[in-house]
Amino acid sequence: MSERLLEVDDLSVAFQGPLAASTVVDRVSFTIGRGERYALVGESGSGKSVTAQALMRLQPDATVTGSIRFGDLEVTTASPRRLRELRGRRIAMIFQEPMSALNPLSPVGDQISEVLVVHQAERRESARRKAVALLERCRIGDPERRYHSFPHQLSGGQRQRAMIAMALACDPELIIADEPTTALDVTVQARIMALLRELQDERGMVILLITHDLPLVRSFAQRVGVMHRGRIVESGAIDDVFERPQADYTRRLLASRLGRMVDDAPVDPGPVNAAPDTAAPVNVAPVNVAPDSVGPVTTAPPIVRVEGLHCTFGHSRWWSSRTAFVALDEVSFEWPAGQTLGVVGESGSGKTTLAMAILRLTPARCHGRIELGGSRIDDRDRESLRPLRRQMQMVFQDPFNALSPRMTVGAIVGEGLALHRRDLDARARLRAVHRALAEVGLEATMADRYPHEFSGGQRQRIAIARALVLEPRLLILDEPTSALDATVQRQVLELVVGLQRRRGLSYMLITHDLDVVRAIAHRVVVLKDGRVVEAGPVAQILDAPSHAYTRTLLGAVRELQAG
């Protein structure tokens, strides 16, 4: 290893709770050499981000013991003045969610300029010129105009590039990249990681990558530390750890890589009824969370048929009065009941608009034909559409934001019953809630707790239970595992596969993760700029794509995995 820039020795971080202190990082030690790419990997709650934040002393309420030696500075005993000099100037951080990290009330260029003014004492005009140059270096098109853009006016990839530009402003020696590609499309992920490599080669800085994405770690880092329950259980060169893991936990992490979870066994989707009897009894299948294989149903009727769907968002102040933004352009497809349809494409391709159009929830102006179970639903008014809401439900990407923090889990799961099953009394609704929780592997006693008391994987199970309690035929899964680590992701996917097998559910899976599509989908629709460029069985599309855009998506995956 080259000359050491960072030495962490016996680091512990504890937070004071109502009764006792909770140790989140426990006697962690590692070193990073100059010019190196080092990764900390582990599940949510393993202590990765807390360790990274401790390097800059960003937790004023934490008790920190041990040693953090950065160059000639002992960080744990540094004065407030030395810490201010350290943050931004010598160590900078790229945060996981730039939409939350960036100030929504200030243009991104002003936020980059502010770093230069505060840390480098630059004059305003000089800072502005340097900020524009940084935006250009980070490959943001039309940097002069984007300097004045607010965060919400940028795409996810542009916001992440703006965060990288801000981190680079003071030419730091170390950049901490905390989950820098979470929830980004695969092509954008590849571009972001390639940009970080280029910038490191150009500037000679050190990069500390914090992530749960094992393929990303293998392709990007040179050495890795594996964290579990606040401790580093294994560390070493990438090839040594990935090819010859010594710790049981590391072997479990590596074993959690996704493989094909479905086969060709037919699934009985049951009757598809587009006008359900609202007084039908609640019938939840027996508790069994072990995954079962599901497969394509070649003889089942379509659960959804879309013909010539065209959706526009128009006459906003961001467009001229004569121009409307076309989100979907003559989209047509169908898939059999009991199957999973994967919908893939970059941000802005129309994936979410398509899902919202099928659910009849989009504010866009849409025309075209949408059928559910053989009955047309695009021309129904609000009142006649209401009974259909039970048949089609949605599981959102971020369960923490999708679940009300002011409601108990029981109230969240039972809310749909109160709206759609008014024939049930309070006791019957409570029994249905408990059965739904049990089917997703949660205990009935958890109904009295609140969302913040659960892990990310448990919150996603709660979101699935909320959808299941109404006994739908169609579930739309919008990036259901993008923010989950590898082992929890696999558990959630095994859960939805098992539910599909037992209930004959049909899924529309919206995702940028082609590994997830390969694992659980039967058919794929590839969207680009609101149009279907390719559609067909998973093996056909992912193994032998015919369209150049699909080949680009798959090439980005290979680039990320190969490094």
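All residue numbers refer to positions counted from 1 along the written sequence of the respective chain. The predicted origin of the model limits local features to residues at a pLDDT of at least 70 and limits the giving and counting of side-chain atom pairs to 80 or more, whereas totals for whole chains, interfaces and linings rest on all residues. Side-chain figures throughout are based on the complete set of non-hydrogen atoms in the structure, without hydrogens or water.

**Student:** Quick rundown of unusual backbone geometry? Include the residues and the values.
**Tutor:** Despite not being glycine, aspartate 142 shows a phi value in the positive range, around 50°. Structurally, aspartate 142 can be placed in the loop between α5 (124-137) and α6 (143-146). Burial status follows relative accessibility: with a 1.4 Å probe on protein chains alone, a residue under 20% of its type maximum counts as buried, one over 50% as exposed, and anything between as partly exposed. What makes aspartate 142 partly exposed here is its relative accessible area of 41%. For glutamate 330, which is not a glycine, the phi torsion comes out positive at approximately 55°. Exposure remark for glutamate 330: the relative accessible area of 48% places this residue in the partly exposed category. Strands here mean DSSP runs of E at least two residues long; helices mean DSSP runs of H or I at least four residues long; both are numbered from the N terminus.

**Student:** Describe the packing of helix α17 (residues 456-468) against helix α18 (residues 486-503), with residues and values.
**Tutor:** At a minimum axis distance of 10 Å, the contact between α17 and α18 shows a crossing angle of 20°. Classified by the angle their axes make, α17 and α18 are roughly parallel. As α17 runs across α18, the sense of the crossing is right-handed. Taking contact as the criterion, the partners of Gly457, Gln460, Arg461, Ile464 and Leu468 in α17 are, on α18, Val488, Gln491, Val492, Leu495, Val496, Leu499 and Arg503. Along the lines of polarity and charge, the residues of the contact of α17 with α18 split into seven nonpolar, three polar and two charged. Each axis is a line fitted through C-alpha atoms, and for a helix only the stretch in contact is used; angles between axes span 0 to 180 degrees, taken between their N-to-C directions. Put simply, angles under 35 degrees are roughly parallel, angles over 145 are roughly antiparallel, angles from 65 to 115 are roughly perpendicular, and the rest are oblique. A clockwise turn of the near helix away from the far one marks a right-handed crossing, whereas an anticlockwise turn of less than a right angle marks a left-handed crossing. Contacts are residue-level and defined by heavy atoms, with any inter-residue pair within 4.5 Å sufficient. Side-chain classes are defined by residue name, with Ala, Val, Leu, Ile, Met, Phe, Trp, Tyr, Cys and Pro counting as nonpolar, Asp, Glu, Lys and Arg as charged, and the others, Gly among them, as polar.

**Student:** Go over helix α4 (residues 108-120), please, and point to the residues and values.
**Tutor:** Helix length check: α4 (13 residues) gives 18 Å between terminal C-alpha atoms against 18 Å at 1.5 Å per residue, within 8%. Inspection of α4 places Val108, Gly109, Gln111, Ile112, Ser113, Val115 and Leu116 among the buried residues, and these make up the whole buried set. The elements touched by buried residues of α4 are α5, α6 and α7 (156-168). Following α4 by one or two positions, alanine 121 has its phi on the positive side, about 55°. By definition here, a helix of n residues has an expected span of 1.5 Å times n minus one.

**Student:** Describe in detail empty space enclosed by the protein, supporting the description with residues and values.
**Tutor:** Space inside and on the surface of the protein is sampled on a 1 Å grid over the protein atoms alone, with a cavity defined as a set of points where a 1.4 Å probe fits but cannot get out and a pocket as an open set with protein on both sides within 12 Å along at least 5 of 7 lines; lining residues have an atom within 4 Å of a point. Grid points are joined across faces, edges and corners, and a volume is the space filled by probe spheres set on the points. Applying the stated criterion across every chain, the model contains two cavities of 30 Å³ or more. Put simply, the largest cavity is a space of about 40 Å³. Val41, Leu214, Val224, Val226, Val241, Phe242, Thr250, Leu253 and Leu254 together form the lining of the largest cavity. Elements with a minimum of two residues in the lining of the largest cavity: β9 (223-228), α10 (238-243) and α11 (248-255). Per element, the largest residue contribution to the lining of the largest cavity is three residues, and it comes from α11. For the lining of the largest cavity, the residue count by class is eight nonpolar, one polar and no charged. Counted as a void, the second largest cavity has a volume near 40 Å³.

**Student:** Account for the packing of aromatic side chains, naming residues and giving values.
**Tutor:** Two rings from Phe, Tyr or Trp (for Trp, the six-membered ring) form a pair when their centres sit within 6.5 Å of each other. Planes less than 30 degrees apart are called stacked, planes more than 60 degrees apart edge-to-face, and all others tilted. Taken as a whole and judged by the stated rule, the model has two aromatic pairs. With centroids separated by 5.4 Å and ring planes inclined at 10°, the aromatic side chains of phenylalanine 30 and tyrosine 38 adopt a geometry described as stacked. Relative accessible area serves as the criterion here: at 1%, tyrosine 38 is assigned to the buried category. Ring geometry for phenylalanine 333 and tryptophan 335: centres 6.2 Å apart, planes at 20°, overall stacked. Residue classification places phenylalanine 333 among the buried positions, given a relative accessible area of 8%. On the basis of relative accessibility, which here comes to 1%, the residue tryptophan 335 falls in the buried class. Two conditions define a charge located above a ring, namely a distance within 6 Å from the ring centre to NZ of Lys or CZ of Arg, and an angle within 35 degrees of the ring normal. Against the face of phenylalanine 220 rests arginine 37, its NZ or CZ located 5.2 Å from the ring centre. Looking at arginine 128, its charged tip hangs above the ring of tyrosine 147, at a distance of 6.0 Å from the centre.

**Student:** So what's going on with the sheet that holds strand β19 (residues 523-528)? Residues and values would help.
**Tutor:** Two strands qualify as a pair provided DSSP detects at least 2 bridges between them. Strand order in the open sheet formed by six strands is β16-β17-β18-β13-β19-β20, with mixed pairing between adjacent strands. Two strands in the sheet have a free side with no partner beyond their single neighbour: β16 (392-395) and β20 (531-537). Across the sheet, the axes of successive neighbouring strands diverge by a mean angle of 15°, strand direction being ignored. Here β16 runs beside strand β17 (residues 474-478); their pairing, made up of four bridges, is parallel.

**Student:** Outline the pattern of salt bridges, supporting the account with residue identities and numerical values.
**Tutor:** Salt bridge, as used here, is a side-chain nitrogen of Lys or Arg placed within 4 Å of a carboxyl oxygen of Asp or Glu. One pass over the full model with this rule turns up 36 salt bridges. Its salt-bridge partner being arginine 137, residue glutamate 202 comes within 2.8 Å of it at the nearest N-O pair. Of this pair, glutamate 202 sits in helix α8 (residues 186-203) while arginine 137 sits in helix α5, and the two are 65 residues apart along the sequence. In this structure glutamate 202 comes out as partly exposed when scored by relative accessible area, which is 46%.

**Student:** I'd like a description of the nonpolar core, backed by residues and values.
**Tutor:** Core analysis: the biggest nonpolar cluster contains 111 residues, and Ile164, Leu168, Val217, Val413, Leu437, Ile464 and Ile520 have the highest contact counts within it. Examining the composition of this core, we find that eight residues originate from one element, α8, more than from any other. In contact with leucine 168, other than residues within four places in its own chain, are Leu134, Cys138, Ile175, Leu199, Arg203 and Met205. For this analysis, a nonpolar core means a set of buried residues of the types Ala, Val, Leu, Ile, Met, Phe, Trp, Tyr and Cys, connected via side-chain atoms within 4.5 Å. Judged by nonpolar contacts, the second largest core, of 33 residues, contains Leu5, Leu6, Val50 and Ile210.

**Student:** Break down the side chain of arginine 146 for me, citing the residues and quoting the values.
**Tutor:** Structurally, arginine 146 can be placed in helix α6. Setting aside residues up to four positions removed in sequence, arginine 146 forms contacts with Val108, Leu135, Ile140, Gly141, Gln153, Leu154 and Gln158.

None of the figures reported here should be taken as evidence of function without further support.
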